[in-house]
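A look at the structure
The lines below spell out each chain.
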Number of protein chains: 2
Amino acid sequence: MANETADQYTVTDRTTLKRYAKRAEYDRKVVHAILDEAFVCHIGFVADGQPFVIPTGFARDNEQLYFHGSVGSRMLRALSSGADICVTVTLLDGLVLARSQFNTDMNYRCVLVFGKAREVTDSEEKAAALLKLTEHIIPGRTQHARAASDKELSQTAVLAIDLTEVSAKVRMGNTNDDEEDYSIPVWAGVVPLKLTPGVPIPDPRLDSALENAIPEYVLPYHRPVEMAP
Amino acid sequence: MANETADQYTVTDRTTLKRYAKRAEYDRKVVHAILDEAFVCHIGFVADGQPFVIPTGFARDNEQLYFHGSVGSRMLRALSSGADICVTVTLLDGLVLARSQFNTDMNYRCVLVFGKAREVTDSEEKAAALLKLTEHIIPGRTQHARAASDKELSQTAVLAIDLTEVSAKVRMGNTNDDEEDYSIPVWAGVVPLKLTPGVPIPDPRLDSALENAIPEYVLPYHRPVEMAP
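Residues numbered from 1 in each chain as written. Chains lettered and ligands numbered in written order. Predicted model: local features only at pLDDT ≥ 70, side-chain atom pairs only at ≥ 80, totals over all residues. Heavy atoms only, no water.

1. Description of the packing of aromatic side chains
Heads up, the condition is: Aromatic rings from Phe, Tyr and Trp, taking only the six-membered ring of Trp, are treated as a pair when their centres fall within 6.5 Å; an angle between ring planes under 30 degrees marks them as stacked, one over 60 as edge-to-face, and anything in between as tilted. We count a stretch as a helix when DSSP gives it H or I for four or more residues in a row; a strand needs E for two or more, and each element gets its number in order from the N terminus. Note on classification: 1.4 Å probe, protein chains only; a residue is buried when its accessible area is under 20% of the maximum for its type, exposed when over 50%, partly exposed between these limits.
Scanning the entire structure with this criterion turns up four aromatic pairs over all chains. Residues Phe52 of chain A and Phe114 of chain B carry aromatic rings whose centres are separated by 5.3 Å and whose planes lie at 70 degrees to one another, so their mutual orientation is edge-to-face. Of this pair, Phe52 of chain A sits in strand E3 (residues 50–57) while Phe114 of chain B is found in strand E7 (residues 105–116), placing the two residues in two different chains. Of the two residues, Phe52 of chain A and Phe114 of chain B, both sit in the buried class.

Given below as structure tokens:
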């Protein structure tokens, strides 16, 4: 077991970056920040020898990642069988316009998690995980949205994976041209990209008395775009 | 072989949606639009029994997807071995704030492609694919950025997968609450999300004469945010 109080994840064969090793990050804070910013992960699993990659919501709770799905879905069945999986979370931060096509690149931060999923069967852990999953989408929402009924709970499978074998890969900053290409007379630089919220759209069946009652926790999603350099 | 002139991809066992079948889409135009809007795909492959999910750039050319990587990388070796892979492309469009936690959801569009990758060895096809890969990031850039040298070409492996076994899954629109939940007195609706470009950041080593010479093809990336309802 990894030492959960260490600042860094322990590097294993699966988490050793073979290429661009300088882009590897095992710092726990860097990994957590990427996981907490992203809405979607891509889960890779094998069913009948065929790899599948399925996008889904997720949430982190300390050193666990949780996801959920319908009981009986192909993914949940495959994941709860105890086979090795890979969970990848990617944030795209910019387009890197180098002076050569070869060095044209993207800025990104991604995390890969390896391990086996376990089905969460303890009812308290399951309820807490489902709260986390809703709060990950929009913190504060569980104060107002109706909690899951027993029937809904029984229709939902929750799975967890330990953050034990984890690596991040980060490409940030400026163009990285070959020395002789800096003299090419073309604009070069980075176009930053950010997933940006727009004006909230009320549900057409919303009671008109509630039209302007957007909860405070929705408002941070409608700030002017701030773009880090 | 699928009929490449048909409007729809042929449904196979792998591309049959087991859950939320009403969200399935096999329309070629819908699939192409998702692939052409996204910058990153997630490639799932198996190496020594372990699934890996790697984010990477890609480009579509008619009914082919192309990606590239360093010759000798784990992914490229695994992909060129002829094993089955899965390529998933996901666009996140919004947060769906339902009146119950159970119906809280996200709006998204994703495409799954199944099949085997082939390494592109024909030099003309390889050069054309690399052009497509740069143009996919920013159309127009290959007019100005230096083309790949023979040495760079030899360091780069290009792989392709046919768009034959393909499905899309789309969740769009409003909240979808249980009938009895519509009376819960809470704001409900959608927070749209869009990957939005910021102000282009010139490379610090850019010749000052070029600071204001941002090419026209970069400018469309710096438009005010337009958000479809």
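2. A closer look at the confidence of the model for chain A
Low-pLDDT portions of the prediction should not be read for the details of their coordinates. We count it as follows: Confidence of the predictor in every single residue is expressed as pLDDT, which spans 0 to 100. In this description, contact between two residues means that some pair of their heavy atoms is separated by no more than 4.5 Å.
Of the residues in chain A, 94% have a pLDDT of 70 or more, and the chain-wide mean is 90. Confidence drops under pLDDT 50 across residues 223–229 of chain A; counting only partners more than four residues distant or on other chains, this segment forms eleven contacts.

3. Considerations on the interface of chain A and chain B
Put simply, the test is: Defined in terms of a 1.4 Å probe, buried area is the accessible area two parts forfeit on being brought together, summed over both. We count a salt bridge whenever a side-chain nitrogen from Lys or Arg sits within 4 Å of a carboxyl oxygen from Asp or Glu. As used in this structure description, the phrase polar contact means that two N or O atoms lie within 3.5 Å; if the pair is within protein, one of them must be able to donate a hydrogen and the other to accept it, and residues adjacent in sequence are counted only when both atoms belong to side chains. Residues are grouped as follows: nonpolar covers Ala, Val, Leu, Ile, Met, Phe, Trp, Tyr, Cys and Pro; charged covers Asp, Glu, Lys and Arg; every other residue, Gly included, is treated as polar.
At the interface, 97 residues of chain A touch 97 residues of chain B. In this assembly, chain A packs against chain B so that about 8100 Å² is buried in total across both faces, 65% of it on carbon and sulfur atoms. Linking chain A with chain B are eight salt bridges, by the criterion used here. At the junction of chain A and chain B, the tally comes to 35 residue pairs in polar contact (both at pLDDT 80 or more). Counting only elements with at least two residues in the side of chain A that touches chain B, the list comes to strand E2 (40–47), E3, strand E6 (84–97), strand E7 (105–116), helix H3 (123–137), helix H4 (150–155), strand E11 (189–197) and strand E12 (201–202) of chain A. Here the element with the most residues in the side of chain A that touches chain B is E11 of chain A; it accounts for nine residues. Considered class by class, the residues forming the side of chain A that touches chain B number 56 nonpolar, 23 polar and 18 charged.

4. Some details on the sheet that holds strand E4 (residues 59–61) of chain B
Residues and elements named next belong to chain B. Applied cut-off: Paired strands, as defined in this entry, are two strands with at least two bridges between them according to DSSP. Axes here refer to lines fitted to C-alpha atoms; in helices the fit is confined to the stretch in contact. Angles between the N-to-C directions go from 0 to 180 degrees.
Pairing is antiparallel across the open sheet formed by four strands, whose spatial order is E4-E5-E9-E8. Only two strands of the sheet have a single partner each, and these edge strands are E4 and strand E8 (118–119). Bridge analysis of E8 against strand E9 (residues 156–162) gives two bridges, and the strand direction is antiparallel. In the strand pairing of E9, Arg118 is matched with Ala160. Helix H3 (residues 123–137) contacts E4, strand E5 (64–70), E8 and E9 of the sheet and is inclined by roughly 90 degrees relative to E5.

5. Some points on the sheet that holds strand E5 (residues 64–70) of chain A
Residue and element names in this part refer to chain A. One open sheet holds the four strands; their spatial order is E4-E5-E9-E8, and the pairing between them is antiparallel. The sheet is open, and its two borders are formed by strand E4 (59–61) and strand E8 (118–119), each paired with just one other strand. Of the strands in this sheet, E4, E5, E8 and strand E9 (156–162) touch H3, which is tilted by about 90 degrees from E5.

6. What about the pairing of E9 of chain A?
All names here are of chain A. Within E9, six of the seven residues are buried, which leaves it mostly tucked inside the rest of the structure. Bridge count between E5 and E9: seven bridges; the pairing is antiparallel. Its bridge partner lying in E9, Gly69 is registered against Ala157.

7. What to know about the relation of the copies chain A and chain B
Our working definition: What sets the superposition is a least-squares fit of C-alpha atoms, and only residues with pLDDT of at least 70 in both copies go into it.
When chain A is fitted to chain B, the best match, at an RMSD of 0.0 Å, comes from turning it 180 degrees and sliding it 0.0 Å along the axis. When the rotation and shift are considered jointly, the pair of chain copies conforms to a two-fold rotation axis. Relative to the rotation axis, the C-alpha of Leu195 of chain A is the closest in chain A, positioned 2.1 Å from it. Looking at the interface residues of chain A, 100% of them are also at the interface in chain B, so both copies use one shared face.

8. Some words on the environment of Pro215 of chain B
Residue position: Pro215 of chain B is located in the segment after strand E12 (201–202). Pro215 of chain B sits 75 residues away from Gly140 of chain B along the chain, and the two C-alpha atoms are 8.9 Å apart. With residues near it in sequence (within four places) discarded, Pro215 of chain B still touches Trp187 of chain A together with Arg141 and His144 of chain B.

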